[in-house]
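# What the coordinates show
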Amino acid sequence: MKSQHTIQALVQNEAGTLNRLVSLFRRRGFNLASLNAGDCEVEGFSRVTLVVNGDDEVLQQCVGQLQKLIDVVSVDDLPFTASVMRELALIHLTGVANNRREILDLLAVADGKIVHFGLDSLTVEVSGDAKSIDRFIAMLGPYHVTEVVRTGVVGLRTENRIPSELASPTFAATSA
Amino acid sequence: MNMEKRTGSQVVMEALARHGVDTIFGYPGGVILPLYDEMLKWPQIDHILVRHEQCAAHMADGYARATGKVGVCLGTSGPGATNLVTGIATAIMDSVPMLVLTGQVNSWAIGKDAFQEVDIQGITIPITKHNYLVTNVDDLPYVMAEAFYLANTGRKGPVHVDIPKDVFQALTDAPFPETVHRRGYTIPGAAPLTDIERAAEMLNQAERPIAIAGAGVIWSETAPFIRQLAEKADLPIINSLLGLGAIDRQDPRSLGMMGMHGEAAATIAVQEADLVIGIGNRFDDRLTGKTSGFAPKAEIIHFDIDPTEFGKCVRTMHVVPGDLTHNLPAFVEAVKPAKRKTWWGEIRQWQAEYPLVVPEDGRFLARHVMKGLNECTGGNAIVSTDVGQHQMWAAQFYQFKRPYQWLSSGGLGTMGFGFPAAMGAKFACPDQEVWAIVGDGGFQMTLQELQTAFECKLDVNIALINNGYLGMIRQWQELFYDDRQSHSSMGNPDYAKLAEAYGVHFVRCDNAADLPAAVEAARTTKGPSLVEFVVAMEENVYPMVAAGASNDNLIMDPALARSDAESLMGAQP
C-alpha cells in the first residue's frame, strides 16, 4: 500500500553522517519527502526525522538499511496515532497594505504569528502538522505569497516509548 | 594508562600487527610517505608492491576470500585512492572483509583542491560497510580497532580509513581500546528457538524440499552443518555462485550451482520444489531469474545474518535471522531424519537428462580446459576467475570441495579480478595450489601484475582462456542482437613474448591431448606460470536463462540433442 511514513533515526555525529543517510536513500531509490536533523539531549548525537513515501515493503527495507548504517544508533517508524509531528513554516507576503486584517484573522485561526512586517509586506510563522500548514498556505491563495520556507517534520513518539538508548546513565560517559 | 607518544604512522602499523596482519598490498605516493617510511621498521608485515592500486584491492580481497581473514590494501590520496574504488565495490557486493587505508592531503588543505586531493570518503560511502576520515590523531587507535571489528563481524564488508598526511605525522598517547563498542551495532546472534523449530517443522512436512547454500555458509564456517543437514534430512543442496564449496561437489546430495548458467537439474528442482530454504544467500537476480516466476510451487524459508535481505528480492514465508554459527547447528538438531526417495528419483532423472556436457566435435573447447584443470589438480586448488563465460564454465566444471577455495567476483562482476585475487590467495596460502582462470579480455585489464608475481617469485598459475572474444558479450550478441558483433572481438598480444618479457614461465596449448602436460608443467614450475589455452572462438555457455526471463525458460545445450555429447560431467546419478 502506498503511504507516507515518518521515521526517526538517532545518529552519532561523525564526518559524513548526513551524507551517508542521504546517499543511502539515493542509492536504494527510496523517496525522501523531507529530512530534518538537529541536536538532541546528548552531545555528539542527533535525531533525524525522515518522511518517506513508499509501501510497507519499501518502508521495511528503508528502516533496515538505515539501521545497518554504523553511525545510526536506532530507528523508529513513528506511529501516526501515538506521536506528535510538527513542522514550522515561514511565509513572506507582499501587497498586503489593503488586506492585513484578513490575513491577521487567518493567522489567528492557524495559531500563527507575525515575525516581521514592512510597509507592504508581512512575514508570518506557523507551525503544526504538515497537513495544517498545507491548508494554511492554501488559504493564503488569494494573497500575494512571495516565498514559503518549511523546516520539514520533526516527530516524537508519545506512547509505547521504547526506553531511549541515551537514557542509560552510563551512556554519556561511555560515548564521550 | 600512560603511553609513550607515537606517530599516527606507528599507530597504523601497530594496529596491523595487533590484528595479526602478515601481508598488506599497496602502492606509495606523496601523502602516504610517512606510513611507508614507518613500514621499514615492521619486518613482520610484508608489503607487496603492486603495479596498480586496483590490484592491491583485489589481492587483499583474494587474501580474505581464501582465508576468512581481513585483507588489507593501501594507496595514496587522489588517483591512488580512486584506483582502489573498483576493488572496494567488488568487496562490498560479495561481503568480503577488507581494510582499505588511504592517505589524504594535509588536514588543513582539505577542501582547497590541493594536489592529489579527492573526496574519497564521499566516494566510498555507498561502497563500504563504514568509512572514516581521521582528522585527529588521538582518534586513530580507536578507529583502527573499530575498522577491523566492523570489517569482520556481522555481515562482513570493506571498511575504509582515510588519513591525512599530518595525522600520520602527529603524535598521540591515546591507547588502543581494550574492546570496541559501538552504539546501535550489535553482532547478530542466535535466532529465537521458535523460529528454528518452525523452519524444522516446515522441512519435516515438505515432500520436495531443497536448500540453497550461499556464501554466508563459507564466511560463517558452517559448511560441516550443511553436510549434516543434507544427510539427516536427505536434502538436496544447491549452491549460489559464491556458495560453491559450502558442500563438497562430490557429495551425493550436492546438485551444484543453479540459476542463469547453473546446472539444469538444480534449476528445475527449485522450480518443482515445495520448500526452498535459502541459507546465507541473497536471492540475486542471476540465481532467481524473473522473481515472479521463481520457485512458483514453493514456500521459502530464509536464513541470513542481514535482516534487510529478507523479502528484498523474493517473498519469504518464514525467516530465521542471525548467525548461521548458532542457527545452522540448531536447525540440524531440530529437523527429523527423513528419506525422500521419490523426490530424489525425479532429481536424478533431470540430472541424467540434462547433464553438463563437453562436446567431442573435434574442437578444443574452454570446457575441456575446465574439466582438465579439475582432473589435473584433483579438485584441490584454490581457483579464482574473472567474469564471463570462463567464470561460468569454471563454476560448472570445477568440483569444489571446501570453503575458501573459490574466489570470484559474483556481485559486481569485475573483469581483471581473477589474476590479482589469485595472487592475494597465494600470498595468504603459500602451501596451496592456486589457479587464476581468466579470459583474454579480463587478463588484459590487470596483467601488469605479472611483474609483481615475478619479483615475489609467487608460485601462482594462470589458465588464460584465449578465444579472441569477450565471449559472454559475443554470446549475448549472438542470442539477443541477431549476432551483430559490436566490439566484442578483441586482439591479443603474443603471450609467449609477453611472458618472456616478464620472466614468467609460459606454455601454449591448443588441443585437449596436450592439456595434462601443459598443466603439469605449470604446476611443477616454481614461480608464476602462464598457460595460454587457445580454444574455439565461438562456444556458448549452457544451460542458460535469458536475463529477465523466468527460470522455467531454460535454454538447454544444443549438444545434448546431438550424438557427440559423449563426455559427461557433473553430479551423476
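Note that the coordinates shown come from a computational prediction; the quantities given were computed from them, not determined experimentally.

## Focus on the overall build of chain B
- When helices and strands are tallied, chain B shows 22 helices and 22 strands.
- Taken over the C-alpha trace, chain B has a radius of gyration of 24 Å; the compact-globule value for 573 residues is 25 Å, and the two agree within 12%.
- By principal-axis analysis of the C-alpha atoms, chain B measures approximately 70 × 65 × 40 Å.
- Relative to its full complement of 573 residues, chain B shows a buried share of 56%.
- Of the contacts made within chain B by residues no fewer than 6 positions apart, 77% connect residues no fewer than 24 positions apart.

## A look at the sheet that holds strand S3 (residues 45-53) of chain A
All names here are of chain A.
- Taking strand neighbours across the sheet as the criterion, the 4 strands line up as S2-S3-S1-S4 in an open arrangement whose pairing is antiparallel. This sheet does not close on itself; its edge strands, each paired only once, are strand S2 (31-39) and strand S4 (72-78). Between one strand axis and the next, the sheet turns by 20° as a mean value, whatever way the strands run.
- The pairing of strand S1 (residues 4-12) with S4 spans 6 bridges and is antiparallel. In the strand pairing of S4, Leu10 is matched with Ser74.
- Together, S1, S3 and S4 form the strand contacts of helix H2 (residues 56-68), whose direction differs from that of S4 by roughly 160°.

## A closer look at the pairing of strand S9 (residues 209-213) of chain B
Residue and element names in this part refer to chain B.
- Of all 5 residues making up S9, 5 are buried, and the element is well covered by its neighbours.
- Burial of S9 is two-sided: the residues Pro209, Ala211 and Ala213 facing one way and the residues Ile210 and Ile212 facing the other way are all buried.
- Taken together, the 5 bridges between S9 and strand S12 (residues 275-279) define a ladder with parallel strand orientation. In the strand pairing of S12, Pro209 is matched with Leu275.
- Two strands pair when backbone bridges link them, and S9 and strand S10 (residues 237-239) are joined in this way by 3 bridges, in the parallel orientation. Residue pairing for S10: Ala213 is matched across the bridge by Asn239.

## Side note on the domain arrangement of chain A
All names here are of chain A.
- Considered domain by domain, chain A is made up of domain 1 (4-79 + 160-175) and domain 2 (84-154).
- Facing the 6 residues of domain 1 at the interface are 5 residues of domain 2.
- Where the side of domain 1 that touches domain 2 is concerned, the elements lending two or more residues are S2 and S3.
- Considering each element in turn, the side of domain 1 that touches domain 2 owes the most residues, 3 residues, to S2.
- Counted by class, the side of domain 1 that touches domain 2 contains 2 nonpolar, 4 polar and no charged residues.

## Quick notes on the interface of chain A and chain B
- Taken together, the contact between chain A and chain B spans 19 residues of the former and 15 residues of the latter.
- For the side of chain A that touches chain B, the secondary structure elements donating two or more residues are helix H1 (17-28), H2 and S4 of chain A.
- Counting residues per element, the side of chain A that touches chain B draws most heavily on H2(A), at 6 residues.
- Among the residues forming the side of chain A that touches chain B, the class breakdown is 4 nonpolar, 10 polar and 5 charged.

## Side note on the nonpolar core
- B:Ala56, B:Met59 and B:Cys73 are the most contacted members of the largest nonpolar core, which has 208 residues in total.
- In this view, B:Ala56 contacts B:Phe25, B:Gly26, B:Tyr27, B:Val50, B:Cys73, B:Leu74, B:Gly75 and B:Leu84; residues no more than four positions away in its chain are not counted.
- Within the second largest apolar cluster, 10 residues are counted, among which are A:Ala89, A:Val126, A:Ile133 and A:Phe136.

Definitions and cut-offs
- Residues numbered from 1 in each chain as written.
- Chains lettered and ligands numbered in written order.
- Predicted model: local features only at pLDDT ≥ 70, side-chain atom pairs only at ≥ 80, totals over all residues.
- Helix = DSSP H or I, 4+ residues; strand = E, 2+ residues; numbered from the N terminus.
- Rg over C-alpha atoms; globule rule 2.2 N^0.38 Å.
- Buried ≥ 20, exposed ≤ 12 C-beta atoms within 10 Å, placed from the backbone.
- Contact = placed C-beta atoms within 7 Å.
- Pairing = 2+ DSSP bridges.
- Axes fitted to C-alpha atoms, helices over the stretch in contact; angles between N-to-C directions.
- Domains from an automatic or database assignment.
- Nonpolar A, V, L, I, M, F, W, Y, C, P; charged D, E, K, R; others polar.
- Core = buried A, V, L, I, M, F, W, Y, C linked by C-beta atoms within 7 Å.

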